[in-house]
Amino acid sequence: MSLRFELIPNPAPRTDAEVAAVLADPGFGSRFSDHMSVATWTKADGWADAAVRPYGPFQIDPAGAVLHYAQEIFEGLKAYRHADGSIHLFRPEANARRFQTSAARMMLPELPIEDFVEGVVELVRADQRWVPDSTGEKSLYLRPFMFADEVFLGVRAAERVTFSVIASPSGPYFAGGVKPVDIWVTDSYARAGVGGTGAAKCGGNYAASLIAQYQGYEHGCSQVLFIEAAEKDRVEELGGMNVFLITADGKLVTPALTGTILDGITRSSILTVAADLGLQPEERPITPEELFGGIADGSTVEAFSCGTAAVVTPIGAFRSVNGEWKLPAGNEVTLAIRNAILDIQYGRVADTRGWLRRVV
Ligand SMILES: Cc1ncc(COP(=O)(O)O)c(C=O)c1O
């Protein structure tokens with residue numbers, strides 16, 4: 001039987017004026033709406049106790065398993081308000097499927113697709129005031145997550161788990177317009193290895209990527225590109241985004257999904273719309289030599305990163321301990337891809353692929 005996320009209204013919701021003040025300048029990830037979705041799972045009884053309830057802290061016992069062994073996964077998606085005031089999610093079933101894949105890898109229970117989507121949809125309905133208007137690339141960022149909530153220090157799969165969804169209004173990633181970013185290519189740190197958790201969206205992957213990210217900051221870069229850990233013969237992905245190259249002969253190339261990188265929903269959407277833009281998509285291994293050599297000899301003309309938060313971000317240069325490889329300015333094709341995805345998300349073009357799920 002499917003879960004029903006009944007609303008337990010927040011007795012002290014923010015006033016309309018307070019919400020308006022947040023939505024005027026939402027930033028990212030530090031302000032949260034009035035409610036949260038929650039459900040719990042136990043080995044004995046399965047999923048139960050679903051509700052959309054007032055936003056507030058969890059009580060976690062100091063021996064709570066997640067605090068010790070990081071048995072945790074999460075997702076990220078957005079609710080977009082269209083010009084007519086309606087509110088839509090973008091491919092939420094894809095996030096739900098990836099959540100199941102991540103759960104399986106981390107020995108967490110499977111949450112049925114319809115329950116994941118219901119938890120997200122009911123939260124957005126309850127907090128629809130918190131979805132910003134359609135101007136300026138604002139949205140309501142949604143963060144579903146699941147963690148081991150059992151009071152037990154033994155190392156094994158938890159027998160009590162919490163699922164939750166919280167919502168945070170988010171402003172445009174680039175306040176002053178889209179600007180190319182520089183990327184640090186690390187050869188000293190790895191994010192994931194074959195057989196590891198690279199294809200799962202689990203918190204530990206992000207903790208492991210921070211040291212390389214900070215190494216990148218020291219070299220004037222805002223993101224880090226990881227190379228395959230053992231052979232160092234494949235470009236993989238950034239700490240929180242997938243990567244694409246555009247060649248002079250119209251190919252749109254991205255690393256194949258080999259089990260060590262995340263199956264990004266923006267990535268898969270871009271591969272799908274590529275043909276509409278006259279591009280030929282290619283998913284295959286990219287060697288570091290091809291990455292750097294292609295920029296040096298002009299056969300690679302643009303590069304970009306992509307993910308839910310920043311959509312599509314042009315890359316200005318790659319840097320490593322061996323030097324710097326600058327891409328030409330312009331980024332026309334990258335910006336066309338960016339607009340193609342945003343146009344679908346904000347309802348500015350017809351949703352011919354059934355990617356939008358209307359919520360309000
Ligand atoms: C490691 C990593 N790769 C890629 C992505 C892009 O995935 P998506 O397009 O589904 O947001 C993300 C963001 O979720 C990520 O954290």
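Note that the structure is predicted; figures quoted are calculated from it, not measured.

Novice: For this particular structure, what's the right way to read the overall build of the protein chain?
Specialist: Looking only at helices and strands, the protein chain has eight helices and 18 strands in total. Whereas a compact globule of 360 residues would reach a radius of gyration of roughly 21 Å, the protein chain reaches 21 Å, a difference of no more than 12%. Per-residue burial for the protein chain yields a buried fraction of 52% across its 360 residues. For the protein chain, long-range pairs separated by at least 24 residues make up 71% of all intrachain contacts whose partners lie at least 6 apart in sequence. Split by element, the accessible area of the protein chain, about 15,500 Å² in all, is 54% carbon and sulfur. Charged side chains of the protein chain number 32 positive and 44 negative; the gap between the two group centres comes to 3 Å.

Novice: Quick question: what am I supposed to make of the pattern of salt bridges here?
Specialist: A side chain of one charge can pair with a side chain of the opposite charge if their charged atoms are brought near each other. With the rule as written, the count across this model stands at 23 salt bridges. A salt bridge links E237 to R191; the nearest nitrogen and oxygen atoms lie 2.9 Å apart. One end of the pair, E237, is in strand β11 (residues 235-238); the other, R191, is in the loop between β9 (181-185) and α5 (203-218), and 46 residues separate them in sequence. Note on accessibility: E237 and R191 belong to one class, buried.

Novice: So what exactly am I meant to see when it comes to the site of the ligand here?
Specialist: Every one of the 17 residues lining the ligand counts as a neighbour, but K201, Y206, E237, T266 and T308 are closest to it. Take E237: an N or O atom from its side chain is 2.6 Å from a nitrogen atom of the ligand. When the ligand sits alone it has 380 Å² of accessible area, and the protein chains cover 95% of it. Of all the cavities here, the one that holds the ligand is the largest pocket.

Novice: What exactly am I supposed to notice about a nonpolar patch on the surface here?
Specialist: Together, Y69, L153 and V155 give the surface a local cluster of nonpolar side chains, amounting to about 320 Å² of exposed area. Note on placement: L153 falls in the loop between β7 (139-148) and β8 (160-170).

Novice: Can you help me understand the nonpolar core in this one?
Specialist: A general tendency of soluble globular proteins is for nonpolar side chains to be buried together. Ranked by internal contacts, the top residues of the largest apolar core, which has 51 residues, are W47, V124, L142 and F163. Once you skip the residues sitting within four places of it in the chain, F163 turns out to touch F5, S37, V38, A39, W47, F99, L111, F116, P144, F145 and M146. Of all hydrophobic cores here, the second largest spans 23 residues; its members include Y80, I265, I270 and L279.

Novice: Looking at this structure, I do not really get the state of the cysteines. What am I missing?
Specialist: Joining two cysteines, a disulfide is a covalent bond between their sulfur atoms. What the rule picks out here adds up to zero disulfides. No disulfide involves C202; its nearest neighbouring cysteine sulfur is the one of C306, lying 19 Å away. Judged by relative accessible area, which is 2%, C202 ranks as buried. Looking at C221, it has no disulfide partner, and the nearest cysteine sulfur is the one in C306, 18 Å off.

Novice: Would you explain empty space enclosed by the protein in this entry?
Specialist: It is the rolling of a water-molecule-sized probe over the atoms that shows where space remains empty. Counted by the stated rule, this structure contains four cavities of 30 Å³ or more. The calculated volume of the largest cavity comes to roughly 110 Å³. The wall of the largest cavity is formed by 13 residues, among which Y80, F90, T266, T308 and Q345 lie closest to the centre. Those elements that place two or more of their residues in the lining of the largest cavity are β5 (77-81), α6 (265-273) and α8 (332-345). No other element matches β5, which puts three residues into the lining of the largest cavity. Here the residues of the lining of the largest cavity sort into six nonpolar, six polar and one charged. The space that makes up the second largest cavity amounts to roughly 70 Å³.

Novice: How do you make sense of the side chain of Q345 when you look at a structure like this?
Specialist: Tracing the sequence through the fold places Q345 in helix α8. Filtering out sequence-adjacent residues up to four positions away, Q345 remains in contact with Y80, H82, F90, V311 and L356.

Rules used in this analysis
- Residues numbered from 1 in each chain as written.
- Predicted model: local features only at pLDDT ≥ 70, side-chain atom pairs only at ≥ 80, totals over all residues.
- Heavy atoms only, no water.
- Helix = DSSP H or I, 4+ residues; strand = E, 2+ residues; numbered from the N terminus.
- Rg over C-alpha atoms; globule rule 2.2 N^0.38 Å.
- Buried < 20%, exposed > 50% of the residue type's maximum accessible area, 1.4 Å probe, protein only.
- Contact = heavy atoms within 4.5 Å.
- Areas by Shrake-Rupley, 256 points an atom, 1.4 Å probe, with all protein chains shown as cover.
- Lys, Arg positive; Asp, Glu negative; His and termini not counted.
- Charge placed at Lys NZ, Arg CZ, Asp CG, Glu CD.
- Salt bridge = Lys/Arg side-chain N within 4 Å of Asp/Glu carboxyl O.
- Near = heavy atom within 4 Å.
- Polar contact = N/O pair within 3.5 Å; in protein donor to acceptor, adjacent residues only side chain to side chain.
- 1 Å grid on protein atoms, 1.4 Å probe; cavity = no way out; pocket = protein on both sides within 12 Å on 5 of 7 lines; lining within 4 Å.
- Sits in = over half its atoms within 2 Å of the grid points.
- Patch = residues over 30% accessible without salt bridge, like charges linked within 9 Å, V, L, I, M, F, W, Y side chains within 5 Å.
- Core = buried A, V, L, I, M, F, W, Y, C linked by side-chain atoms within 4.5 Å.
- Disulfide = S-S within 2.5 Å.
- Points joined across faces, edges and corners; volume = space filled by probe spheres on them.
- Nonpolar A, V, L, I, M, F, W, Y, C, P; charged D, E, K, R; others polar.

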